[in-house]
Amino acid sequence: MEKQVLIKNIKLLNSACDGWIIGNSVLLEGKRIKEVLPEAATIDSAHGVELVDGQGEYLLPGLIEMHGHFYGRASTAMRSQHLGYCPLYLSSGITTVRTPGEFEPDITYGYKQSIEHGQTIGPRIITGGWYFDKAPSIVGWFRPVNSIEEIEACFDERDKVSDQFKVYSSMPKEWVRKVCELGHAKGKKVYGHLGMCSARDAIEVGLDGLEHGYFTVSEFYKEPSPHVESSALEELDMNSDLVKNVQDQIVTHQIAITPTLLTFMLNGSWFTDWLDHIDAWRYLSPAAKEKQKENRKKWDEDPKSFDQQERLIEKQRVYVNALYKRGAKIFCGTDPSYPMMIPGQALVLEAANLVDCGMSNAAVLRALTIAAATELGIADVTGSISAGKEADLLLVNTDPLQDIHNLDQISLVWKAGHMHKPDALRELAVESLR
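To start, this report covers the structure provided alongside it. Just so you know, the residues in each chain are numbered from 1, in the order the chain's sequence is written. In view of the model being predicted, local features appear only for residues whose pLDDT reaches at least 70, and side-chain atom pairs are presented and counted only at 80 or more, with totals across whole chains, interfaces and linings using the full set of residues. Water and hydrogen atoms play no part in the side-chain values, which are based on all heavy atoms of the structure.

In this section: the overall build of the chain. Helix and strand content of the chain: 14 helices and 19 strands. Taking the principal axes of its C-alpha atoms as reference, the chain extends roughly 70 × 50 × 40 Å. Per-residue burial over the chain gives 59% buried out of 434 residues. What makes two residues a contact is simply this: any of their non-hydrogen atoms within 4.5 Å. Within the chain, contacts between residues separated by at least 24 positions form 72% of all contacts whose residues are at least 6 apart in sequence. In these tables, accessible area is a Shrake-Rupley quantity obtained with a 1.4 Å probe, and a residue counts as shielded only by the protein chains included in the view. Within the structure as shown, the chain displays about 17,300 Å² of accessible surface, and the carbon and sulfur contribution to it stands at 48%. Counting rule applied: Lys, Arg positive; Asp, Glu negative; His and chain ends not counted. Think of each charge as sitting on NZ of Lys, CZ of Arg, CG of Asp or CD of Glu. Charge-centre separation for the chain: the mean point of 45 positive side chains lies 1 Å from the mean point of 60 negative side chains. In DSSP terms, a helix is any run of H or I states spanning at least four residues, a strand is any run of E spanning at least two, and both are numbered starting from the N terminus. Note on classification: 1.4 Å probe, protein chains only; a residue is buried when its accessible area is under 20% of the maximum for its type, exposed when over 50%, partly exposed between these limits.

Here it is in structure tokens:
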């Protein structure tokens, strides 16, 4: 018989993610949840059941990062960071990461397989593989395509390492349509960081999700562009018929929205203060640390950029709030390709951003768990605490329904039944990333 573990003396997040069940225990067997037991049930530890005393803390399903990556700029050059990022995600209770695209997709797929076979410590990975973009791409290391025919020619090869696909900012409408047709024929979703294709056109041709909120809705620009057009967004009237029409399409077609506010909030000393608070610099080599300290100093001392950032982010909050009130599917992601967007702990900041957009704490917890699992098609495996699902869990010592920042107060993490201590995982990341 597989090893059994009983987690007792806990407050258990209910299925609606809006309250706690007191008195239940959770019995794990191997990598799965065997049973949720009522208070009156007894387990005989003499028969080999390991007991874990939750000490009255709060047990939640494992969190789901909906815009993660396993690459970043350690100093200036891009590189894969799997060895460090895998334990960092887990250390913050993130047991599943959806990556919309990768620097080295074959390597990421190898890690996915290794984690699934229990050979490597890390979160479940939902892979995005190669980005689809039209040549010339604004991202130098992409492998862009030159025609619709080339999309068709390379699709099967890219499909082998992809659970879903992403179209990028230089892709026009008909090229987006082709990726959606090919992806949907494989039963896989397609998400977009748009620019040359409008959001409404992308939705029309079958896109399943939009990344980065209003920042990549090219209808809001003076003309389509693969780059984010901040000046146009500053002039945008958030109460205009144009904005409302885009939101109508998103809500009507139930398009998945992952706004990644944090990605656009990197200017200002508040972010450097956070890096200091979590001792983020320890994950860098001395040379990389020096380089990133220089970068932070420039960003912290640029009031003009910071002021513009504040104006744009406030509009993003208004945009996301309107979508939330109308019932849109909104998810939590951080886009950690910038080296100081620390995977794992950054998700708590983004969760707080969604609260600042008007979402309730319960709605954010649903977005981080069962709603995300449903969007990814893995709700039968993870996303809630129920018998038969994999034992993806986290135990926090203070109530995140009272304050979403309490998601940072993690005592223990379980991924597929294996228990981890956050500090040990972070030390493993330090050894791997330097």
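This brings us to the nonpolar core. Counting residues in hydrophobic clusters, the biggest one holds 103 residues, and the most contacted among them are Ile-250 and Tyr-319. In this view, Tyr-319 contacts Gly-213, Tyr-214, Val-217, Phe-220, Met-238, Val-243, Val-246, Gln-247 and Ile-250; residues no more than four positions away in its chain are not counted. The set of buried Ala, Val, Leu, Ile, Met, Phe, Trp, Tyr and Cys residues whose side-chain atoms join them within 4.5 Å is what this entry labels a nonpolar core. Of all hydrophobic cores here, the second largest spans 15 residues; its members include Ile-10, Val-26, Val-52 and Ile-385.

Turning next to the side chain of Asn-406. Topologically, Asn-406 is positioned in the loop between strand S17 (393-396) and strand S18 (410-415). Excluding residues within four positions of it along the chain, Asn-406 makes contact with Val-396, Thr-398, Asp-399 and Pro-400.

The angle between two axes is taken between their N-to-C directions and runs from 0 to 180 degrees, where each axis is a line fitted to C-alpha atoms and a helix contributes only its stretch in contact. Axis separation between helix H8 (residues 269-277) and helix H9 (residues 286-300) bottoms out at 8 Å; the angle between their running directions is 145°. Between H8, through Ser-269, Phe-271, Thr-272, Leu-275 and Asp-276, and H9, the contact on the second element is made entirely by Lys-293, Arg-296 and Asp-300. Across the contact of H8 with H9, the residue classes break down as two nonpolar, two polar and four charged. Note that Gly is not counted as nonpolar here; it falls among the polar residues with everything else outside the nonpolar set of Ala, Val, Leu, Ile, Met, Phe, Trp, Tyr, Cys and Pro and the charged set of Asp, Glu, Lys and Arg.

Each Phe, Tyr or Trp ring (for Trp, its six-membered ring) is paired with any other whose centre lies within 6.5 Å, and the angle between the two planes then decides the class: stacked below 30 degrees, edge-to-face above 60, tilted in between. Counting across every chain of the model gives 22 aromatic pairs. Between the aromatic rings of Tyr-131 and Tyr-168, the centroid separation amounts to 5.7 Å while the plane-to-plane angle is 85°, which identifies the pairing as edge-to-face. Of this pair, Tyr-131 sits in strand S11 (residues 131-132) while Tyr-168 sits in the loop between strand S12 (165-167) and helix H4 (173-185), and the two are 37 residues apart along the sequence. The exposure class of Tyr-131 is buried, given its relative accessible area of 5%. A centroid spacing of 5.0 Å and a plane angle of 85° characterise the contact between Trp-141 and Phe-142, whose relative ring orientation is edge-to-face.

Here we come to the sheet that holds strand S10 (residues 124-126). Strand order across the open sheet formed by three strands is S6-S9-S10, with parallel pairing between neighbours. Of all the strands in the sheet, the pair left with one neighbour each is strand S6 (63-65) and S10. In this sheet, adjacent strand axes meet at a mean angle of 20° when their direction is disregarded. Criterion used throughout: strands pair if DSSP finds at least two bridges between them.

This part is about unusual backbone geometry. In this structure, the amide linkage connecting Ala-135 to the following residue, Pro-136, adopts the cis form with an omega of -5°. Along the chain, Pro-136 turns up in the loop between S11 and helix H3 (148-159). Backbone geometry places Asn-9, a non-glycine residue, at a positive phi of 55°. Assignment of secondary structure puts Asn-9 in strand S1 (residues 4-13). With a phi close to 60°, Cys-17 is a non-glycine residue in the positive phi region.

With that settled, consider the sheet that holds strand S14 (residues 209-211). What the six strands build is an open sheet, ordered S11-S12-S13-S14-S15-S16; its pairing is parallel. Of all the strands in the sheet, the pair left with one neighbour each is S11 and strand S16 (329-330). Two strands pair when backbone bridges link them, and S14 and strand S15 (residues 256-258) are joined in this way by three bridges, in the parallel orientation. Residue pairing across strands places Glu-211 opposite Thr-258, the latter belonging to S15.

We now examine the environment of Gly-358. Mapped onto the fold, Gly-358 is located in the loop between helix H11 (345-356) and helix H12 (361-368). For Gly-358, a relative accessible area of 41% corresponds to the partly exposed category. For the pair Gly-358 and Glu-427, spaced 69 residues apart in sequence, the C-alpha separation works out to 35 Å. Each residue touching Gly-358, except ones within four places of it in the same chain, is listed here: Asn-321 and Tyr-324.

So, on to the pairing of strand S4 (residues 32-37). Regular strands have side chains that alternate between both faces of the sheet. Bridge analysis of strand S3 (residues 25-29) against S4 gives five bridges, and the strand direction is antiparallel. Residue pairing in the sheet places Ser-25 in a bridge with Leu-37 of S4. Here S3 folds back onto S4, and the loop between the two strands holds two residues, one of which, Gly-30, carries a positive phi near 65°.

Our next topic: the side chain of Ser-92. Looking at where Ser-92 falls in the secondary structure, it is placed in the loop between helix H1 (82-91) and strand S9 (94-98). Nitrogen and oxygen atoms within 3.5 Å of one another constitute a polar contact, given that in protein one can donate a hydrogen and the other can accept it, and given that sequence-neighbouring residues count only through two side-chain atoms. A distance of 3.2 Å separates the side chain of Ser-92 from the side chain of Arg-426, its partner in a polar contact. Apart from residues no more than four positions distant in its own chain, Ser-92 is found in contact with Leu-63, Gly-344, Gln-345, Ile-410 and Arg-426.

In contact at an axis separation of 10 Å, helix H7 (residues 241-252) and helix H10 (residues 303-325) are set at 45° when each is read in the N-to-C sense. Classified by the angle between their axes, H7 and H10 sit oblique to one another. H7 and H10 meet at a crossing whose hand is right-handed. Here Val-243, Val-246, Gln-247, Ile-250 and Val-251 of H7 lie close against H10, whose contacting residues are Tyr-319, Ala-322 and Leu-323. Angles below 35 degrees are treated as roughly parallel, those above 145 as roughly antiparallel, those between 65 and 115 as roughly perpendicular, and all remaining angles as oblique. Left-handed describes a crossing whose near helix is turned anticlockwise from the far helix by less than a right angle; the clockwise case is right-handed.

On to the environment of Ile-22, then. When you line up the elements, Ile-22 lands in strand S2 (residues 20-22). For Ile-22, a relative accessible area of 65% translates into the label exposed. Along the primary structure Ile-22 and Leu-12 are separated by ten residues, whereas in three dimensions their C-alpha atoms are 6.4 Å apart. With residues up to four places along the chain from it excluded, the contact list for Ile-22 reads Ile-10 and Lys-11.

With twelve residues, H3 ought to run about 16 Å at 1.5 Å a step, and its terminal C-alpha atoms sit 16 Å apart, in line with that. Taken as a whole, H3 has its buried residues at Ile-151, Cys-154, Phe-155, Arg-158 and Asp-159. One side of H3 holds all its buried residues, which, seen down the axis, span an arc of 145°. Within H3, the exposed residues directed more than 90 degrees away from the buried face are Glu-149, Ala-153 and Glu-157. Buried residues along H3 sit in contact with S11, S12 and H4. A helix is expected to span 1.5 Å multiplied by its residue count minus one. Relevant arc is that of directions from the helix axis to the C-beta atoms, nothing else.

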